[in-house]
Amino acid sequence: MDLYTPILVLGAIAAAFAVGSVGIALLVGPRRYNRSKLEAYECGIEPLPQDDPSRHGIGQRFPIKYYLTAMLFIIFDIEIVFLYPWAVAFDSLGLFALVEMLLFMATVFVAYAYVWRRGGLTWD
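Conventions adopted
Residues numbered from 1 in each chain as written. Predicted model: local features only at pLDDT ≥ 70, side-chain atom pairs only at ≥ 80, totals over all residues. Heavy atoms only, no water. Helix = DSSP H or I, 4+ residues; strand = E, 2+ residues; numbered from the N terminus. Contact = heavy atoms within 4.5 Å. Expected span 1.5 Å × (residues − 1). Buried < 20%, exposed > 50% of the residue type's maximum accessible area, 1.4 Å probe, protein only. Patch = residues over 30% accessible without salt bridge, like charges linked within 9 Å, V, L, I, M, F, W, Y side chains within 5 Å. Areas by Shrake-Rupley, 256 points an atom, 1.4 Å probe, with all protein chains shown as cover. Salt bridge = Lys/Arg side-chain N within 4 Å of Asp/Glu carboxyl O. UniProt positions renumbered as here; feature names shortened; annotations may be inferred.

Digging into the overall build of the protein chain
Part 1 of the reasoning: In terms of regular secondary structure, the protein chain is built from five helices and zero strands.
Part 2 of the reasoning: Secondary structure of the protein chain in N-to-C order comes out as α-α-α-α-α.
Part 3 of the reasoning: Long-range pairs, those at least 24 residues apart, make up 49% of the contacts in the protein chain between residues at least 6 apart in sequence.

Brief notes about helix α5 (residues 95-117)
Part 1 of the reasoning: With 23 residues, α5 should reach 33 Å at 1.5 Å per residue; the first-to-last C-alpha distance of 33 Å fits that figure.
Part 2 of the reasoning: Among all positions of α5, only A97, M101, V108, A111 and V115 are buried.
Part 3 of the reasoning: Check the buried side of α5 and you find it contacts α3 (64-88) and α4 (90-93).
Part 4 of the reasoning: Looking one or two residues beyond α5, the residue adopting positive phi is G119, at roughly 85°.

What to know about a nonpolar patch on the surface
Part 1 of the reasoning: Where nonpolar side chains cluster on the molecular surface, the patch consists of F90, L95, L98, V99, L102 and L103 and spans about 560 Å² of accessible area.
Part 2 of the reasoning: Sort the elements by how many residues they give to the nonpolar patch and α5 lands first, with five residues.
Part 3 of the reasoning: Along the chain, the position of V99 falls in helix α5.
Part 4 of the reasoning: The class of V99 is partly exposed, set by a relative accessible area of 39%.

A closer look at the UniProt feature "transmembrane region" (unreviewed entry) in the protein chain
Part 1 of the reasoning: In the numbering used here, UniProt assigns the "transmembrane region" (unreviewed entry) feature to residues 6-28, 66-87 and 93-115.
Part 2 of the reasoning: Helix makes up 100% of residues 6-28 and strand 0%. Its end C-alpha atoms lie 32 Å apart.
Part 3 of the reasoning: Summarising residues 66-87: 100% helix, 0% strand, and an end-to-end C-alpha distance of 32 Å.

Points about the environment of V108
Part 1 of the reasoning: As for its placement among the helices and strands, V108 is situated in helix α5.
Part 2 of the reasoning: Excluding residues that lie within four positions of it along the chain, V108 makes contacts with I75, F76 and E79.

Dropping the structure here:
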């Protein structure tokens, strides 16, 4: 049990910090509510009224840029998750791992090129 004591103490400190930060923010933070703060935020698109019977079942067109940004994040996040262990064990893996990583990087590059051509990297 002595080996786990520092881990438990660190976990208790982290939990206390998280709960304390939220509690202090609730006590000290400003409370200036207005109509625009209470509305749901849907990626900059004004929400449609729910009582409009002509719009039931019909969705509004959604800009592709939001999906491309999400895809960029997921692709490069996954790339980093795979690159760190590979870089740590690079010497012991050999040629097979190098070829596999090159194939993986080529796949990621194809996704990057797709997002680039669709305009996901240009911000208005």
